Structures are given as structure tokens and as C-alpha cells.
Amino acid sequence: MSEVAEVQKSNGSNAKVVYILYLVSLIVGVTGIVGLVMAYVYKADAPGWLKTHYQWQIRTFWMGLLYTVIGLFTTMILIGYLILLFNLVWFIIRCIKGLSALEKRQPLPDPTSWLF
């Protein structure tokens, strides 16, 4: 493995790209799928602290998709709009929390959490 690849793997730059792709996906939806694929690919070779970020990112994508589908199906009874708004805020908070921990090179304390 090259020295550059080793440094990228340990400093979290790929995980940072995934968080950024997730935030951009709020405007350009397809970038979220690219971020998900990257998280799955890089998770296997990541150091322990970084694996928590990839696990967090993967769960954020799938749970966000679940909340979006539920919100879309329930818009007919108007509660769906609140669910979609909650999902938007939840998604942004999770990305910011992950980026914050990543900048400090800290693992996420509970990457399997459903909330924040």
C-alpha cells in the first residue's frame, strides 16, 4: 500500500468526503448513493475509530431513506410533512455531529443510535 493511501486511511479524509456528499445530497440526491458506496468500500480497511464513522454514515443513509419513505406515504394525512421536516433536521445534525467528531479524530460513542 502506498504511503499516501495509508495516510488517507488514517486521517479520515474519505469519511469527510462521505459526510460532504451526504449534505450535498439534500440538493443533488444522487450524491448520497455515492457516499453510501464509499462508506461500504472504505469501512473494511479503516482503523477502529474510523469504522464508527462509516457505520454511522451507513445507518444515517438507510434510516434517512426509511424516514423519507414513511414521510412521503403519510403526506396524505399531513403528518408526513412533519416527518419529512424531522428527517431533514435529523439528517443534518447527524452529519454535523459526525464531521465534528471526525475533525477531532474521535470515534462516535454510539454509531448504532437511531437519533443523534
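Refer to the structure above for everything that follows.
Fair warning: this is a prediction, and the values are worked out from it, not measured in the lab.

**Observations regarding helix α3 (residues 30–43)**
Then comes step 1: The first and last C-alpha atoms of α3 sit 20 Å apart over 14 residues, in line with the 20 Å expected at 1.5 Å per residue.
Then comes step 2: Three or more residues of α3 are buried, namely T31, G32, G35, L36, M38 and A39. Taken around the axis of α3, the buried residues stretch over an arc of 165 degrees, which confines them to a single face. In α3, those exposed residues whose orientation departs by more than 90 degrees from the buried face are V30 and V41.

**Points about the packing of aromatic side chains**
Then comes step 1: Applying the stated criterion across every chain yields a total of 6 aromatic pairs.
Then comes step 2: Each ring, one from Y67 and one from W90, has its centre 5.1 Å from the other, and the planes form 80 degrees; the classification is edge-to-face. Taken as a pair, Y67 in helix α4 (residues 48–73) and W90 in helix α5 (residues 79–103) lie far apart in primary sequence, 23 residues in all.
Then comes step 3: The buried category is assigned to W90, whose relative accessible area is 0%.
Then comes step 4: Taken together, the ring pairs connect Y22, F61, W62 and F91 into an aromatic cluster.
Then comes step 5: Lying across the ring of W56, R94 places its NZ or CZ 3.6 Å from the centre.

Rules of the game
Residues numbered from 1 in each chain as written. Predicted model: local features only at pLDDT ≥ 70, side-chain atom pairs only at ≥ 80, totals over all residues. Heavy atoms only, no water. Helix = DSSP H or I, 4+ residues; strand = E, 2+ residues; numbered from the N terminus. Expected span 1.5 Å × (residues − 1). Buried < 20%, exposed > 50% of the residue type's maximum accessible area, 1.4 Å probe, protein only. Arc of directions from axis to C-beta. Phe/Tyr/Trp six-rings, centres within 6.5 Å; stacked < 30°, edge-to-face > 60°. Lys NZ or Arg CZ within 6 Å of the ring centre and 35° of its normal.

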